[in-house]
Amino acid sequence: MHVVVVGSGIVGAATAYELAQRGVEVTVYEKSHVGAGSTGAGGGIRSQFSLPANVALSRASMDAWNTFEEEFDVEIRERITGYLFLARDPDTATQLERDVAMQSEYGFPNEFLSAGEATEHCPGLDPGPYVSASFSPEDRFVDPNLALRGYVDAARAAGVEFELGVAVTGVRRDGRSSGGPVTAIETADSTVDCDYVVNAAGAWASELDALVDGELPVEPRLRHQLLVRPSGSFPPDLPLTMDLDTGAVFYPEDDTVMIASGPQETMPTVDPDGYTEGASRDWTLAVLESLAELADYFDEDTRVQRSISGVYAQTPDSNPIIDEPVPGYVTAVGFSGHGFMHAPATGKVVSEIIVNGEPKLLDVTSFSARRFSDDGSSTERSFI
Ligand SMILES: Cc1cc2nc3c(=O)[nH]c(=O)nc-3n(C[C@H](O)[C@H](O)[C@H](O)COP(=O)(O)OP(=O)(O)OC[C@H]3O[C@@H](n4cnc5c(N)ncnc54)[C@H](O)[C@@H]3O)c2cc1C
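Residues numbered from 1 in each chain as written. Predicted model: local features only at pLDDT ≥ 70, side-chain atom pairs only at ≥ 80, totals over all residues. Heavy atoms only, no water.

Caption draft 1: Molecular detail of the environment of Val-311. Tracing the sequence through the fold places Val-311 in strand S17 (residues 303-314). Judged by its relative accessible area of 9%, Val-311 falls in the buried class. The spacing of Val-311 and Met-102 is 209 residues in sequence and 30 Å in space, taken between C-alpha atoms. When sequence neighbours within four positions are dropped, the list of residues in contact with Val-311 reads Ser-38, Ala-203, Pro-220, Arg-221, Val-270 and Tyr-275. (Helix = DSSP H or I, 4+ residues; strand = E, 2+ residues; numbered from the N terminus. Buried < 20%, exposed > 50% of the residue type's maximum accessible area, 1.4 Å probe, protein only. Contact = heavy atoms within 4.5 Å.)

As structure tokens, then:
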């Protein structure tokens, strides 16, 4: 069996590695270079989601992250500092309590806290506006580029071929009018026979999908973060701290600078091949204001060093599409803001779909492509 994986980001690389582990011949096509997409933008790994299907993806992925350095013989600079979510609104607090109970069923030792207790994890937090909080001690950050390198090197060692600088421009199907299976991919120079194509094209997923006559609702959306330098000192082991009701969020990058961001509604659709980087002044000021309300690490002397822009592959419900909508065509797309952390489990599940005909590790029916037309989608509320 020959499988073509389109895209050499973390999802494509993890899938290629897992397929090769199962004895499959794999070729990865990458139109640019390894790491050219969104993968390097953020290495946050968390269990705090509101949908059980996402927590299940986190469970299976966290198990893989726990042994990643050993399995791939690579240092990924892990910092296990936890995630701290804060609720102002009583309804948000009620949901947070339910979420923590659900997450504990997946073996995550997460805690539902009072706002006062939250200050033990983030001493600069002003607990005043908050009803309650949740803390996930095992959530963490790693260096996403090092993790990607780990997968790519291991995939190559297992026999995966990487065709770098080669875009997939067409997908051939047998008996196209009757919805036949995939038979080959096309590039500018060649046609290559294959039994499966995996769409791991990140923010370009819809473009590739159109080659299979699909209409996946995956939009490239611009997401900004700020690199800020607080005027005073702060503990470098602070958790990622987020106000769920305003969207204000921050975490230390090291002991002098923090990464911060704000509400998601400032995410326009862009061309992933050409967009203007840089957050607007208004949005930057709004984020700084909401940070100052959140914790006393931020004040009028906080400096913005630069903005960091990237593209989310966004679906309407912020959940991925892991499915085989056409025989021989498997999608692993639309991960919104959590594709890096969920890549290990996704790679395994996609491999199982291809090799075994169905996923074994996890039930991914809630990530089907059909859910949008069937009106069966549930929105992930814990969106960063
Ligand atoms: C600012 C920001 C912060 C983030 N923070 C986090 C975080 O903390 N934790 C987390 O889990 N996630 C985070 N994410 C989301 C995460 O980065 C993505 O979900 C993840 O990287 C998706 O990986 P991917 O492999 O699907 O896509 P990508 O890494 O984008 O790779 C897709 C690749 O496909 C290639 N490609 C596309 N079309 C073709 C074609 N036709 N032929 C050949 N090659 C093609 C592209 O060149 C690209 O290299 C963040 C995203 C952003 C933008």
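Caption draft 2: Fine view of the layout of surface pockets. Put simply, the second largest pocket is a space of about 360 Å³. Only helix H6 (144-157), strand S13 (219-229) and S17 provide two or more residues apiece to the lining of the second largest pocket. Residue contributions to the lining of the second largest pocket reach at least three from each of two domains, namely domain 1 (2-46 + 144-218 + 317-371) and domain 2 (81-139 + 219-313). (1 Å grid on protein atoms, 1.4 Å probe; cavity = no way out; pocket = protein on both sides within 12 Å on 5 of 7 lines; lining within 4 Å. Points joined across faces, edges and corners; volume = space filled by probe spheres on them. Domains from an automatic or database assignment.)

Caption draft 3: View of the pairing of strand S15 (residues 249-252). The alternating pattern of S15 places Val-249 and Tyr-251 and Phe-250 and Pro-252 on opposite faces, both of which are buried. Taking the residues that link successive antiparallel strands as the turn, the strand S14 (residues 240-243)-S15 hairpin has five residues, and the phi of Gly-247 there is positive, at about 85°. With four bridges joining them, S15 and strand S16 (residues 258-261) adopt antiparallel strand pairing. Bridge pairing in S16 links Val-249 to Ser-261. Following S15, the chain reverses through five residues before pairing antiparallel with S16. (Pairing = 2+ DSSP bridges.)

Caption draft 4: Highlighting a negative patch on the surface. Together, Glu-25, Glu-161, Glu-163, Asp-193 and Asp-195 make up a region of like negative charge exposed at the surface. Tracing the chain through its elements places Glu-163 in strand S8 (residues 161-164). (Patch = residues over 30% accessible without salt bridge, like charges linked within 9 Å, V, L, I, M, F, W, Y side chains within 5 Å. Areas by Shrake-Rupley, 256 points an atom, 1.4 Å probe, with all protein chains shown as cover. Salt bridge = Lys/Arg side-chain N within 4 Å of Asp/Glu carboxyl O. Lys, Arg positive; Asp, Glu negative; His and termini not counted. Charge placed at Lys NZ, Arg CZ, Asp CG, Glu CD.)

Caption draft 5: Just the sheet that holds strand S11 (residues 191-193), in detail. Strand order across the open sheet formed by three strands is S9-S10-S11, with antiparallel pairing between neighbours. Because the sheet does not close on itself, it has two edges, and the strands there are strand S9 (170-173) and S11. Averaged over all pairs of adjacent strands, the angle between strand axes in this sheet comes to 30°, irrespective of strand direction. Strand direction decides the pairing type here: strand S10 (residues 182-186) and S11, joined by three bridges, are antiparallel. Bridge pairing in S11 places Glu-186 opposite Thr-191. (Axes fitted to C-alpha atoms, helices over the stretch in contact; angles between N-to-C directions.)

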